[in-house]
Amino acid sequence: MSILQVASFAAGQWIAPNASARRIDCAITGALFAQAGNDTLNVQAMLDYARTKGAPALRQMTFHDRARLLKALALHLRAHRQALYDLSFHTGATQTDHLIDIDGGIGTMLVYASKGRREMPDSTVYPDGDPEQLSRNDSFLGQHICTPLQGVAVHINAFNFPVWGMLEKLAPTLLAGVPAIVKPATSSCYVTEHCVRLMLDSGLLPDGALQLVSGGLGDMLDHLTCQDAVSFTGSANTALKLRSTPAILQNAVRFTAEADSLNASILGPDAAPGTPEFDLFITEVTQEISTKAGQKCTAIRRILAPESHLEAVGEALRQRLSNIKIGDPRAKETQMGALVSGAQKADVLAKAALLATECDTLLDTFDAFNDAKGAFVAPMLFHCTSPDTAIHAHETEAFGPVSTLMGYRDIDHAIALANKGQGSLVTSLITHDTEVARHIALGCAAFNGRIYINNRDSMAEATGHGAPLPHMTHGGPGRAGGGEELGGIRAVKHYMQRTAIQGSPDMLSSITGKWLPGTMQEPAPAHPFTRRFGELQIGETLHTPSREVTLEDVEHFAHFTGDTFYAHMDEAAAARNPFFPGRVAHGYLLLSFAAGLFVEPNEGPVLANTGLDNLRFMKPVVPGDSIKVALTVKQKTKRNEDYGEVRWHVHLTNQDDDAVAEYVLLTMVAF
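Residues numbered from 1 in each chain as written. Predicted model: local features only at pLDDT ≥ 70, side-chain atom pairs only at ≥ 80, totals over all residues. Heavy atoms only, no water.

## Considerations on the overall build of the protein
Along the backbone of the protein there are 20 helices and 30 strands. When its C-alpha atoms are laid out on the principal axes, the protein stretches across 90 × 60 × 45 Å. Here the analysis covers contacts within the protein between residues at least 6 apart in sequence; of these, 73% occur between residues at least 24 apart. Carbon and sulfur atoms form 51% of the exposed surface of the protein, whose accessible area is close to 27700 Å². (Helix = DSSP H or I, 4+ residues; strand = E, 2+ residues; numbered from the N terminus. Contact = heavy atoms within 4.5 Å. Areas by Shrake-Rupley, 256 points an atom, 1.4 Å probe, with all protein chains shown as cover.)

Structure (structure tokens):
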């Protein structure tokens, strides 16, 4: 078999390895498999290429354009994923592991594509939060906006997830409008390289939007500015070294780290042997020790169980782990493959030996697979008999199929032990007791990026202790790096600058592309419900005639709907209410009358009313008052080639022009 020459993609060209290339062995056989690295890469040219080519091209696209790009890239990768599977076997990963890494990475891109279309505007500016009133009459407002950084994102990824690790960073970066330079860990970079080739060969990406360094970064970090960002996944020691780069400190370069952590899983005191929760706990711990051969930053390193259940937990785990079928990951019957390399195997065994100095061994596999050519290690299970005084059990992470069992006396003791990890990505809890869940969540939250709780009610659909989801924050305090990734649109904002804009409503509306109260209103040239999506203009307003609200209207609405609340039907009782002068009209009667005032009944481009947001009632309407409506085009969002969403600001006033109600109406309007 020929040796793979893993290239870099720099400044628009593929560059082969040179004499400085590092050797990469197959995790299955230990034989030379690939070479990667070129110490002559022009890192300044790469940065310039991203800043002058990729960045301007991405910034010209709207969030929706970028979301559609992400979806197209994800579907292209999905169509070619078999080639990624075939390569990834050589990292020691099984087909089940591929579903987490390759399919999980593609799925993450699709989630961000969906969120970009649904939660972000079809614009190049992201309004962050609602406007702030800075003056009495709304003539001077404040609005936070987010715009893309004008530099490049440098992504430094770990070896264990060569596809997901890249795509979970790349998706929010591209959605933000920022180009990326990806640097995967060398031991599995051949999988990342092929994934990058697939994306570049698709022709979907603008020039300069994506580059790849296979091997070392050289002095790239020394050339970063305040418009650049670094996102790192790896060891805490490496994170500290990179974070301390003088250019990063001097230029306040954004640096996000997701580092190793000693995550814990806690068996609730109610989850005794024989309960669904006990069996679930054993299953989850077994999965976390064996999946990716334990090479997961979210894997369970410390198993916390009540002292009364400790022996039962240890025996159940020993039996389950002993029965795991370990071998060639390409074989269908294999449940756990190899570690990524011989060097990783040596590191895991050395750290396991360190754990053994203060722990009893429940499952001894030090001698297993010693004669195997590949980087195979069987699961190892330790029992820490003195968890309060232990050091290595709470500080040493063997990044493989290694975990330590320890007992706790009560809930507070469990919390204290979990928090001895000094910052974790995730702590999980298996319990059916809501008070236990509340106590542990509040006690452990400050030390964790995520708290995962599961039991018989949620186990059928729960995603698992070790599964970071694109919707939720991935990261953690302290030892875990102190950073955040994923978490929906939060991750996109990491690659954007949040800026406070202050000015008149017209100025802010022009910048954000959203109509704001106080912005100039343009009379509609025709009824807005007769105008198509492309014809409607932001700020276009329909002013309706008035309609009187009578006592008969109020009583008819009350009896017709069944809402006979005393404020609408009993004059004396209503008058005793400090909010009302007497009987008042129903709020929802006002909404119904408002619709009657502004709706165009004939068939037209308005296809559906999909809801309303931010409804509030400001002043009661009493029988004899009149109401009128100002209906304004607030925001437009294209949904597909046939229709788009129009958000209308609906403002109800009485005969004295006092505001009585307002809300945002959502409709789908044809092109």
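## Observations regarding the environment of Ala74
Tracing the backbone shows Ala74 in helix H2 (residues 63–79). When the C-alpha positions of Ala74 and Gly208 are compared, they lie 19 Å apart, and in sequence the two are 134 residues distant. Those residues in contact with Ala74, other than ones at most four positions away along the chain, are Ile106, Met109 and Leu110.

## What to know about the sheet that holds strand E15 (residues 300–306)
With mixed pairing, the seven strands of this open sheet are ordered in space as E16-E17-E18-E15-E14-E19-E20. Each edge of the open sheet carries a strand with a single partner, namely strand E16 (360–363) and strand E20 (448–454). Strand-to-strand, the axes of this sheet are offset by a mean angle of 25°, without reference to chain direction. Taken together, the five bridges between E15 and strand E18 (residues 402–408) define a ladder with parallel strand orientation. Across the sheet, the residue bridging to Arg302 is Thr404, located in E18. Where helix H13 (residues 411–419) meets the sheet, it contacts strand E14 (263–267), E15, E18 and E20, and its direction lies at approximately 150° from that of E18. (Pairing = 2+ DSSP bridges. Axes fitted to C-alpha atoms, helices over the stretch in contact; angles between N-to-C directions.)

## Topic: the packing of helix H9 (residues 276–290) against helix H10 (residues 310–322)
Angle between the axes and distance between the axes: these two values describe a pair of packed helices. Remark: H9 packs on H10, axes separated minimally by 10 Å, with the N-to-C direction vectors making an angle of 50°. Taken together, the axis directions place H9 and H10 in an arrangement best described as oblique. When you trace H9 past H10, the crossing you get is right-handed. Facing H9, whose interface residues are Phe278, Phe281, Ile282, Thr283, Val285, Thr286 and Ile289, H10 presents Ala312, Val313, Ala316, Leu317, Arg320 and Leu321. (Parallel < 35°, antiparallel > 145°, perpendicular 65-115°, else oblique. Left-handed = near helix turned anticlockwise from the far one by under 90°.)

## Section: the state of the cysteines
Counting across every chain of the model gives zero disulfides. Residue Cys26 stays outside any disulfide, its sulfur separated by 14 Å from that of Cys189, the closest cysteine. Here Cys384 is not disulfide-linked; the sulfur of Cys359 is the nearest cysteine sulfur, at 4.3 Å. The exposure class assigned to Cys384 is buried, which follows from its relative accessible area of 1%. (Disulfide = S-S within 2.5 Å. Buried < 20%, exposed > 50% of the residue type's maximum accessible area, 1.4 Å probe, protein only.)

## Side note on the pairing of strand E9 (residues 153–156)
Residues Ala153 and His155 line one face of E9 and the alternating positions Val154 and Ile156 line the opposite face, and both faces are buried. Inspection of the sheet shows E9 paired to strand E10 (residues 180–183) by four bridges, in the parallel sense. Of the residues in E10, the one forming a bridge with Ile156 is Lys183. A crossover links E9 with its parallel partner E10, the connecting element being helix H5 (residues 164–176), and its sense is right-handed. Bridge analysis of E9 against strand E12 (residues 229–234) gives four bridges, and the strand direction is parallel. Bridge pairing links Ala153 to Ala229 in E12. (Right-handed = clockwise from strand over helix to strand, strands pointing away.)

## Structural notes on the side chain of Arg117
Note that Arg117 resides in helix H4 (residues 95–119). With sequence-adjacent residues up to four places away left out, Arg117 is seen in contact with His64, Ala67, Arg68, Lys638, Arg639 and Asn640.

## Here we look at the environment of Leu4
Mapped onto the elements of the fold, Leu4 is located in strand E1 (residues 4–6). By relative accessible area, which is 29% here, Leu4 ends up partly exposed. Between the alpha carbons of Leu4 and Ala34 there is a distance of 4.3 Å; along the sequence they are 30 residues apart. Discounting residues that sit within four places of it in the chain, Leu4 has contacts with Phe33, Ala34, Gln35, Leu87 and Tyr190.

## A few points about unusual backbone geometry
It is generally the case that most residues other than glycine have a negative phi and that most peptide bonds are trans. Despite not being glycine, Lys292 has its phi angle at roughly 55°, a positive value. Turning to its location among the elements, Lys292 is positioned in the loop between H9 and E15. The phi dihedral of Asn614 falls on the positive side, at around 55°, and the residue is not glycine.

## Observations regarding the packing of aromatic side chains
Going through the model one piece at a time under the given rule, you end up with ten aromatic pairs. Each ring, one from Phe9 and one from Trp14, has its centre 5.1 Å from the other, and the planes form 55°; the classification is tilted. Relative accessible area serves as the criterion here: at 29%, Trp14 is assigned to the partly exposed category. Aromatic pair Phe63 and Tyr126: ring centres 6.3 Å apart, planes at 80°, arrangement edge-to-face. (Phe/Tyr/Trp six-rings, centres within 6.5 Å; stacked < 30°, edge-to-face > 60°.)

## So, the sheet that holds strand E4 (residues 22–25)
The strand order E1-E5-E4 describes an open sheet built from three strands, whose pairing is mixed. Only two strands of the sheet have a single neighbouring strand rather than two, namely E1 and E4. Here the strands of the sheet are splayed against their neighbours by 30° on average, with no regard to which way each runs. Direction of pairing for E4 relative to strand E5 (residues 32–36): antiparallel, over a ladder of four bridges. Residue pairing for E5: Arg22 is matched across the bridge by Ala36. Along the sheet face, helix H6 (residues 189–201) touches E1, E4 and E5 and points at about 70° away from the line of E1.

## What about the pattern of salt bridges?
Two side chains bearing opposite charge may form a pair once their charged atoms approach each other closely. What the rule picks out here adds up to 28 salt bridges. Of the charged contacts in the structure, one is a salt bridge between Lys619 and Asp658, with a shortest N-O distance of 2.8 Å. With a gap of 39 residues between them, Lys619 in the loop between strand E27 (606–617) and strand E28 (626–638) and Asp658 in the loop between strand E29 (643–654) and strand E30 (659–670) connect regions that are remote in the sequence. Note on Lys619: relative accessible area 36%, which makes it partly exposed. (Salt bridge = Lys/Arg side-chain N within 4 Å of Asp/Glu carboxyl O.)

## Examining the pairing of strand E21 (residues 473–476)
Bridging between E21 and strand E22 (residues 483–486) involves four bridges; their strand directions are antiparallel. Each bridged residue has a counterpart across the sheet, and for Gly476 the counterpart in E22 is Gly483.

## Some remarks on the nonpolar core
Within the largest apolar cluster, 64 residues are counted, with the highest numbers of intra-cluster contacts made by Leu167 and Met199. With eight residues, H5 is the largest single contributor of residues to this core. In this structure, Met380, Ala390, Ile411 and Ile415 belong to the second largest nonpolar core, which totals 52 residues. (Core = buried A, V, L, I, M, F, W, Y, C linked by side-chain atoms within 4.5 Å.)

## Observations concerning the environment of Gly268
Looking at where Gly268 falls in the secondary structure, it is placed in the loop between E14 and H9. With relative accessibility at 0%, the residue Gly268 sits in the buried group. Separated by 146 residues in sequence, Gly268 and Ala414 place their C-alpha atoms 9.3 Å apart. When neighbours within four sequence positions are excluded, Gly268 is seen to be in contact with Pro306, Tyr408, Leu429, Ile430 and Thr431.

## Thoughts on the packing of helix H17 (residues 551–561) against helix H20 (residues 587–598)
Relative to each other, H17 and H20 sit at 110°, their axes nearing to 10 Å. Here H20 runs roughly perpendicular to H17, going by the angle between their axes. Taken together, the residues of H20 that come into contact with H17 (itself represented by Asp553, Val554 and Phe557) are Tyr588, Leu589, Ser592 and Phe593. Among the residues forming the contact of H17 with H20, the class breakdown is five nonpolar, one polar and one charged. (Nonpolar A, V, L, I, M, F, W, Y, C, P; charged D, E, K, R; others polar.)

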